[in-house]
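Listed below, chain by chain, are the residues.
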Amino acid sequence: MKKLKAAVVGIGSIGINHVKALHGMGIELAWLIDLDLNHAKTVAAEYDATNYSTDFADVLDSDVDCIHLCTPPNLHYDQMTQILNRGFNVLCEKPLCFEDQQAMELYQLARKHNCLTAIDFNVRFHLALTEVKSIIESEDFGAVRLIHGSYLQEFHAFPAPLDWRYNKELAGNMRAMTEIGSHWTDLAQYLSGKKITALSARFANFSPERDLHEGMMFEKDSISVSDKITVESEDAVILNMLFEDGVIGSCILSEVSAGRINRLAIEITGSRKNIWWNSEDNNVINIGMKNAGINTFVYPFGNSFGDTLGFLFKAFYKDIQRGYADENSRYPTLYDGMRNVLICNAAYTSATNQGKWVEIKI
Ligand SMILES: NC(=O)c1ccc[n+]([C@@H]2O[C@H](COP(=O)([O-])OP(=O)(O)OC[C@H]3O[C@@H](n4cnc5c(N)ncnc54)[C@H](O)[C@@H]3O)[C@@H](O)[C@H]2O)c1
């Protein structure tokens, strides 16, 4: 079997996890690219990478089997265009890009150049969710009727570090919707097999004015020596959704819920069974049936959140090794990444128009 080679562009908080997962899989780390040369050099030494540099053009001239794009989102459209035009397979971090038109263009470009593509919606790869999906797909479950849940995090509760996520130029118009809403909506559609066709959203920015001290944000007027900054993007979202075939759903997103470090919860109701799962008890599946109580099933060969990235990569690299996408492959592709951009932008349009319903036509 051919030893595959990869490049990772952007070795920040998620990029380093790509490096670790690829290293663990025995993939050659042929190129590591980051703006910080010393950092790239250190990571290269630790994970046996062959080359490192600050210049993105180096990977475009390389013979790697796949490029992992882990830079901030404002760079994705331009870098993805170059990657796809050179015919590389690519695993892009979410969000794919900012604009609907750009997303559709990138999708078409990947098709034109026969590139294998993946987007890092890694939550799909919790092992217990494989079982959840097969239960939902079984006849016993009946027709999917209702999908609801939440994605709660505490990362942006005060005090919180100021980074690119608060800068519109680098992150786009949204924060909670693109950062965590993208994972929840991907998972809801993946598990149920039903696409979101329309949505209505309201956004909340609880602290548009904030204090900034030594790179950390605090509640307005809460500390004496500080700069004042304004933040436009949302801390929280309420989302109502229509899915295909009459399925309805809702979700609460929050990046400011203390104690909820990373809790995605989802409940899917079928005509015969009801099933629910959350990422804090990620190896536990609950199934309800009328007059039969709740059946709690502990998935015996469980995983941690950190493993999900590696499982996604393994599924993707199987296709890269064989040279084509298997129709049963369950990793998210550029098609899912494109639809995700449309869904997030529909949420923004809705939220900036008093929650009016917006259709997603693709
Ligand atoms: N799938 C997930 O669960 C998940 C989790 C976190 C982040 N992300 C996504 O990953 C992307 C990166 O986020 P992050 O948290 O790692 O950000 P980060 O700021 O921690 O890292 C970004 C890295 O990119 C480097 N960089 C910037 N411009 C570059 C360029 N032109 N060429 C090469 N390197 C460059 C920076 O030096 C930095 O090391 C974002 O799109 C984010 O939404 C996804």
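Residues numbered from 1 in each chain as written. Predicted model: local features only at pLDDT ≥ 70, side-chain atom pairs only at ≥ 80, totals over all residues. Heavy atoms only, no water.

Visitor: Which parts of the structure should I look at to understand the sheet that holds strand S1 (residues 5-9)?
Guide: Strand pairing in a sheet relies on backbone hydrogen bonds, with the paired strands running either antiparallel or parallel. Ordered by their spatial adjacency, 6 strands build an open sheet running S3-S2-S1-S4-S5-S6, and the pairing between neighbours is parallel. Both outer strands of the open sheet, strand S3 (51-53) and strand S6 (117-119), are each paired with one neighbouring strand and no more. Within this sheet the neighbouring strands show an average axis-to-axis angle of 15 degrees, counted without direction. Helix H2 (residues 37-46) contacts strand S2 (28-33) and S3 of the sheet and is inclined by roughly 165 degrees relative to S3. Where helix H9 (residues 307-322) meets the sheet, its contacts fall on S1, strand S4 (66-69), strand S5 (90-92) and S6, and the angle it forms with S4 comes to roughly 150 degrees. (Pairing = 2+ DSSP bridges. Helix = DSSP H or I, 4+ residues; strand = E, 2+ residues; numbered from the N terminus. Axes fitted to C-alpha atoms, helices over the stretch in contact; angles between N-to-C directions. Contact = heavy atoms within 4.5 Å.)

Visitor: Can you help me understand the sheet that holds strand S18 (residues 294-298) in this one?
Guide: The strand order S18-S17-S16-S15-S7-S14-S13-S9-S19 describes an open sheet built from 9 strands, whose pairing is mixed. The sheet terminates laterally at S18 and strand S19 (358-359), the two strands that pair on one side only. In the sheet, strand S9 (residues 196-204) pairs with strand S13 (residues 236-243) via 8 bridges, with the strands oriented antiparallel. Residue pairing across strands places Leu199 opposite Met241, the latter belonging to S13. Along the sheet, helix H8 (residues 176-192) makes contact with strand S7 (144-153), S9, S13, strand S14 (248-254), strand S15 (262-270) and strand S16 (274-278), crossing S7 at roughly 150 degrees. Helix H10 (residues 334-351) contacts S9, S13 and S19 of the sheet and is inclined by roughly 50 degrees relative to S9.

Visitor: I would appreciate a short explanation of the site of the ligand in the present structure.
Guide: The local shell around the ligand holds 24 residues, among which Ser13, Asp34, Glu93, Lys94 and Arg165 are the closest. Within the contact set of the ligand, a nitrogen atom lies 3.0 Å away from a side-chain nitrogen or oxygen of Glu93. With respect to the ligand, the backbone of Lys94 contributes an N or O atom lying 2.9 Å from an oxygen atom. Relative to its unbound accessible area of 850 Å², the ligand is 82% covered by the protein chains. Grouping the constituent residues of the shell around the ligand by class yields 11 nonpolar, 8 polar and 5 charged. Each of domain 1 (5-122 + 313-331) and domain 2 (127-302 + 338-359) accounts for three or more of the residues forming the shell around the ligand. (Near = heavy atom within 4 Å. Polar contact = N/O pair within 3.5 Å; in protein donor to acceptor, adjacent residues only side chain to side chain. Areas by Shrake-Rupley, 256 points an atom, 1.4 Å probe, with all protein chains shown as cover. Nonpolar A, V, L, I, M, F, W, Y, C, P; charged D, E, K, R; others polar. Domains from an automatic or database assignment.)

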